[in-house]
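Commentary on secondary and tertiary structure
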Amino acid sequence: MNWIFASKKASSCGHLLPACKGGLHGHIHARHAHQRHALAPAAPSRQGHSSSGSTTVPSVPLNAPASSVRSVSSPSASRWKQQRALGRDVLVSVLEASATRRDAKGYLKTYTLEDSEAIPPLQSPQESPNAAPLLHVAILKLRAPQDIDQETLHGVARTVTQLKVLGLLSIVVVDCGPDETRDAFQHQAMRLCNTLESFGRPAAKPLDNVFIGSPRASESSPSFLSGGIRVSELSYLKRCLMQGLIPVIPSLACHDELSASKPVDSNEVVLALTRYLVGYQFPATDGQGVQGAPDLELSRPEKIAAVERIMILDPLGGTPEPGRPGACHRFINLEQEYDTLVKLLVGPEGSPVAEGHQSPIAAMTHAANLSLAKEALAMLPASSSAIITTPFAAANNAPSSSDSVATSNDHSALGFDGMVVTRKRQNPLLHNLLTDKPVYSSSLPAKRIQNGQFNQSIAGATTLVKRGLPLTIFPNPRTHPWTPPKPGSPRLRLTDKCIDMPRLVHLIEDSFNRKLDVQDYLNRVNENLAGIIIAGEYEGGAILTWEKPADIDMETAYRTGRFVPYLDKFAVLKSQQGSGGVADIVFNAMVRDCFPSGVCWRSRKDNPVNKWYFERSWGTNKLSDSNWTMFWTTTGLNSNHPTLRDYESVCRSVEPSWADQKHIVD
């Protein structure tokens, strides 16, 4: 990746306001249920820890040498037990405040051990590191920390501390920009370390001389297996991680073992860290870095940690959304959207495409952040993700006085003051750790955020990036817009060779947990099929049809323009429900690409998915004398609109094709 350095001065966003989010439905996993009572906090104190921090952060001279860094000892056994007990208490409370039951199960499965006494995945200092599972690690890049005030830095440090207690240990890369000196990088790293330790010592460790080599030349071909910068074998990074300390690393690298370190591209540093941690840093062939593909006969490097998140804290915030100044993409599916987004940011020739509110340097910085996410995630499992947000959003964990619940002094010391029981604040980093989702779903209409029902400032600051899934749409709406075909003319059918019918049937039956009468279904939809959307390898999909109102025939519906765009089946495999953004990807394709003017569908009144539908539709109507609720995304329809009457006629008359009751209309 060879993007230019971003300017060290970046635009800033205001402090984020509290957001509203539903709580945990049902009980948490059985092995942790007893902790609510056994670990209930003492009566709350009225004196909470303010967001600006009551601890004085010692100043560090700008020219403080790296050798002046103090030695950090291991925590005592009593301190360790105290932190574990705090972790359990915080875990239960935060899950209740921020996650659904499915989210809670996913989090507990990943970040806790079978022993309910061991919440953090880190080993006790008294235990053998060989017995420990792989550490769960996030690589966090903090850009332009010299432009961040101490209050915001205090909030960022508190969030990093909270992530650690919840099971995710961060490695922080400090990026001051190409124009700053080595001393400035080291000063900012020490400043962050001191701030982290205001939440309890020992907490962080500043590391120097971690990287060796030079950035890739601009003409080199990008590959996550190659890179000019690598982690030095003489660094103490692994030992720091095994001790449960947060490494804070300035973006500096030495050309060789004898030269002084100099500022380098922080994105190359993040990629070098990722290669090292996941076991892709193969032995150097020239003393500096791997210049080509590694020799596969060499022994594979050791895997140090499981990298779960790449976190980019940039004053510019998330990837901007074209045509909506101040807004950014909430979720990016790299498989589907990367090339298009980069072209919108830097143009097909590589020159920045700047809109009125965005400078060329800002456009290049956004493109560089997106490219970093893509290259890093290429080395990681599909479950890993990247988050691009502002330092202000990452520091957003101080609730309003009306909904905060003060905590004990032990909570305050580790930065959990006021955090534990609050529902109106969403920190994007904490929320993503617990749910593996963006704060606001990408399929949620923008108007729902703009009209005050949700917190617009957070949504406009954070982008969640995943490798995602390829998306296939038949017919392609970019070349063949979806319009009603003339009756009798050629059209797409589910039996066409481009569609894998057995896998499609499996997707529908797995999602609905019902057997489909395949032949009856084909007889019903093959002659009025509008199109089909497939996510990944049939992990999710939608079948859409053109339906006619009950009172007219096909010719009249075509001639008068009364064909109704209808969502006949919306399906996601059970294994993909609630995670990975599959439902959002399919829904967005339907309403943005296939039927931008609107589509309608129906759902049983007792369907638990209806809440999700309600939030994404522009209107709903519970159909009397039936078990159906009707939804639509068409704007400008009042209760007497003729289009709405056609929608209702279709939703009442479509016959199901299930094998158990195929002709019964609910």
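Values in this document were obtained by computation on a predicted structure and should not be read as measured data.

Closest axis-to-axis distance for the helix 5 (residues 150–165)/helix 13 (residues 428–435) pair is 10 Å, and the angle between their directions is 15°. Between helix 5 and helix 13, the interaxial angle falls into the category roughly parallel. Judged by the sense of rotation from one axis to the other, the crossing of helix 5 with helix 13 is right-handed. In this structure, helix 5 contributes Thr159, Gln162 and Leu163 to the contact, and helix 13 contributes Leu429, Leu430 and Leu433.

Take the sheet that holds strand 5 (residues 229–231) next. Strand order across the open sheet formed by 4 strands is 5-4-7-8, with mixed pairing between neighbours. Every interior strand has two partners, whereas the edge strands, strand 5 and strand 8 (262–263), have only one. Note that strand 4 (residues 211–213) and strand 5 share 3 bridges and pair antiparallel. Paired with phenylalanine 211 across the bridge in strand 5 is valine 231. Strands strand 4 and strand 5 of the sheet are contacted by helix 8 (residues 266–278), whose axis makes an angle of about 45° with strand 5.

This part covers the packing of helix 5 against helix 6 (residues 182–196). It is at 9 Å that the axes of helix 5 and helix 6 come closest, and there the two elements cross at 65°. The interaxial crossing formed by helix 5 with helix 6 has right-handed handedness. Contact with helix 5, carried on its side by Gln150, Leu153, His154, Ala157, Val160 and Thr161, involves Arg191, Leu192, Thr195 and Leu196 of helix 6 and no other residues of that element. A per-class count over the contact of helix 5 with helix 6 returns 5 nonpolar, 4 polar and 1 charged.

Further remarks concern the packing of aromatic side chains. Under the definition given, this model contains 12 aromatic pairs. Ring centres of phenylalanine 512 and tryptophan 658 lie 5.2 Å apart, and the angle between their planes is 50°; on these two criteria the pair is classed as tilted. Placement of phenylalanine 512 in helix 16 (residues 501–512) and of tryptophan 658 in the segment after helix 21 (642–653) is noted, with a sequence separation of 146 residues between them. On the basis of relative accessible area, phenylalanine 512 is assigned to the partly exposed category, the value being 32%.

Okay, the sheet that holds strand 6 (residues 246–250) next. With respect to topology, 8 strands assemble into an open sheet ordered 3-6-2-1-9-11-12-10, the strand pairing being mixed. Two strands bound the open sheet, and with one partner strand each, they are strand 3 (204–206) and strand 10 (331–333). For this sheet, the mean angle separating the axes of adjacent strands, direction not counted, is 20°. In terms of strand pairing, strand 1 (residues 135–143) meets strand 9 (residues 305–313) through 8 bridges, oriented parallel. Of the residues in strand 9, the one forming a bridge with leucine 142 is leucine 313. Set on the sheet, helix 13 makes contact with strand 9, strand 11 (385–389) and strand 12 (463–466); between it and strand 11 the angle comes to about 160°.

Criteria and thresholds
Residues numbered from 1 in each chain as written. Predicted model: local features only at pLDDT ≥ 70, side-chain atom pairs only at ≥ 80, totals over all residues. Heavy atoms only, no water. Axes fitted to C-alpha atoms, helices over the stretch in contact; angles between N-to-C directions. Helix = DSSP H or I, 4+ residues; strand = E, 2+ residues; numbered from the N terminus. Parallel < 35°, antiparallel > 145°, perpendicular 65-115°, else oblique. Left-handed = near helix turned anticlockwise from the far one by under 90°. Contact = heavy atoms within 4.5 Å. Pairing = 2+ DSSP bridges. Nonpolar A, V, L, I, M, F, W, Y, C, P; charged D, E, K, R; others polar. Phe/Tyr/Trp six-rings, centres within 6.5 Å; stacked < 30°, edge-to-face > 60°. Buried < 20%, exposed > 50% of the residue type's maximum accessible area, 1.4 Å probe, protein only.

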